[in-house]
Amino acid sequence: RLDPTAKVFRGNADTREGNEGERKALLAFQNMVKKESLGMNYEEAFFQTDKSMPGFGASPDGRLFNNDGTSAGLLELKYLSTSSMDGASIKYEPQMQLQMAVTGETKTEFFALNKHTAEYDHHTIHADPKFQALLKQTGLSAIELAEGIDDEGVTELRRQIKSKRKRKEDSSSKPASGRAGQE
């Protein structure tokens, strides 16, 4: 727990499904590694920080090692519905890039298991230093904003977000104006 004064979170149906799904995805990943003779060994990973990135942390689903003990990167597991499988590695790439930036690893094995069909999607994601720098800068901006905000500021920020969402919803529901051929 990051906040020792916070109440202990005991979980709910969603977290139980997520934990069970992650276990199933890990077993499927390990079976794939064995079947394809990839020579990677799994170890559980824990929350990690990096002194050069204050305010950031990462908790990948696992660390992978080659048979000789050298690092084979990180492991990110997902247990998804059929509709969420397509493009999943792209959707979760920011998470994996930040995890690599924090841990210093250069690649992550992404493994998504379809909870309805048991089919899987496996990709090796390599570190992208430019994308990681952008994520870090965005995170630092958010940390800076959060440090200077009080209760009134939180209320105002919520109001602004709701207002922007409403404008976006309103603009997407309006029919396009103008005539064909006009720019």
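Provided above is the structure to which this section pertains.
Throughout this description, residue numbers start from 1 for each chain and increase along the sequence as written. Side-chain atom pairs in this predicted model are given and counted only at pLDDT of 80 or more, local residue features only at pLDDT of at least 70, and totals for whole chains, interfaces and linings cover all residues. To get the side-chain values, take all heavy atoms of the structure and skip hydrogens and water.

Novice: Explain the overall build of the protein residue by residue, including any values.
Specialist: When helices and strands are tallied, the protein shows 6 helices and 7 strands. Numbered from the N terminus, helices here are DSSP runs of H or I no shorter than four residues, and strands are runs of E no shorter than two. Reading the helices (α) and strands (β) of the protein from amino to carboxyl end gives α-β-β-β-β-β-α-α-α-β-β-α-α. It is over C-alpha atoms that the radius of gyration is taken, and the globule rule equals 2.2 Å times the number of residues to the power 0.38. Since a compact globule built from 183 residues should have a radius of gyration of about 16 Å, the 21 Å found for the protein marks it as more spread out than a globular shape. In terms of overall dimensions, the protein has a C-alpha envelope of 60 × 50 × 40 Å along the principal axes. Across the 183 residues that make up the protein, the buried fraction comes to 27%. For accessible areas, the Shrake-Rupley method is used with a probe of radius 1.4 Å. Any residue's cover is judged against the shown protein chains and nothing else. Total accessible area computed for the protein in this model is approximately 13100 Å², and 51% of it derives from carbon and sulfur atoms. When a residue's accessible area, from a 1.4 Å probe over protein chains only, is under 20% of the maximum for its type it is buried; when over 50% it is exposed; and in between it is partly exposed.

Novice: So, the nonpolar core: which residues are in play, and what are the values?
Specialist: We call a set of buried Ala, Val, Leu, Ile, Met, Phe, Trp, Tyr and Cys residues a nonpolar core when their side-chain atoms join them within 4.5 Å. One finds Ala-25, Leu-26, Phe-29, Met-32, Val-33, Met-40, Leu-64, Ala-72, Leu-75, Leu-77, Phe-111 and Leu-113 forming the largest nonpolar core, which totals 12 residues. Sorting the residues of this core by element identifies α1 (13-35), β5 (71-80) and β6 (107-114) as the ones contributing at least two each. The contacts of Phe-111, once residues within four sequence positions are left out, are Ala-25, Ala-28, Phe-29, Met-32, Glu-76, Leu-77, Lys-78, Tyr-120, Asp-121 and His-122. Leu-74, Ala-88, Phe-110 and Ile-125 belong to the second-largest nonpolar core, a separate cluster that totals 10 residues. In this analysis, two residues are considered to be in contact whenever any of their non-hydrogen atoms come within 4.5 Å of each other.

Novice: Before we move on, can you summarise the environment of Asp-121 with the specific residues and values?
Specialist: Within the secondary structure, Asp-121 is located in strand β7 (residues 120-126). Along the primary structure Asp-121 and Met-40 are separated by 81 residues, whereas in three dimensions their C-alpha atoms are 17 Å apart. In contact with Asp-121, not counting residues within four places along its chain, are Met-85, Phe-110, Phe-111 and Ala-112.

Novice: Residues and numbers for the side chain of Glu-109, please.
Specialist: Structurally, the position occupied by Glu-109 is in strand β6. A positive count includes Lys and Arg, and a negative count includes Asp and Glu. His and the chain ends are not counted in either. Any carboxyl oxygen of Asp or Glu that lies within 4 Å of a side-chain nitrogen of Lys or Arg is treated as forming a salt bridge with it. Although Glu-109 is buried, it makes no salt bridge; Lys-107 carries the closest opposite charge, 4.2 Å away. A polar atom in the side chain of Glu-109 sits 2.6 Å from the side chain of His-122. Under this definition, polar contacts are N or O atom pairs within 3.5 Å; protein pairs additionally need one hydrogen-donor-capable and one acceptor-capable atom, and for neighbouring residues in sequence, both atoms have to be side-chain atoms.

Novice: Describe α1, listing the residues and the values that go with them.
Specialist: Look at α1: 33 Å from first C-alpha to last across 23 residues, which is about the 33 Å you get at 1.5 Å a residue. Three or more residues of α1 are buried, namely Gly-21, Ala-25, Leu-26, Phe-29, Met-32 and Val-33. On its buried side, α1 packs onto β1 (40-43), β4 (62-66), β5, β6 and β7. Just past α1, the residue Ser-37 takes up positive phi, approximately 50°. Every helix has an expected span of 1.5 Å times one less than the residues it contains.

Novice: Describe the sheet that holds β4, naming the residues involved and giving the relevant values.
Specialist: Taken in spatial order, the 5 strands of this open sheet run β1-β4-β5-β6-β7, and their pairing is mixed. Bordering the open sheet on either side are β1 and β7, each of which pairs with just one other strand. For this sheet the average axis-to-axis angle between neighbouring strands, irrespective of direction, equals 30°. By definition, two strands form a pair when at least two bridges between them are found by DSSP. Here β5 pairs with β6 via 7 bridges, running parallel. Within the sheet, the bridge partner assigned to Lys-78 lies in β6 and is Ala-112. Sheet strands touched by α1: β1, β4, β5, β6 and β7. Its angle to β5, the strand with the most contacts, is close to 130°. Fitted lines through C-alpha atoms give the axes, limited to the stretch in contact for helices. The angle between two N-to-C directions lies from 0 to 180 degrees.

Novice: Could you give an account of helix α5 (residues 129-147), naming the residues involved and the relevant values?
Specialist: Here α5 spans 26 Å end to end across 19 residues, near enough to the 27 Å set by a 1.5 Å rise per residue. All buried positions along α5 are accounted for by Gln-132, Leu-135 and Gly-139. Buried residues of α5, seen end-on, are gathered within an arc of 65° and therefore sit on one face of the element. Turned more than 90 degrees away from the buried face of α5 sit Lys-130, Leu-134, Glu-144 and Leu-145, all of them exposed. Summarising the contacts, the buried residues of α5 are in contact with α4 (93-103). By arc we mean the arc of the directions from the helix axis to the C-beta atoms, nothing more.

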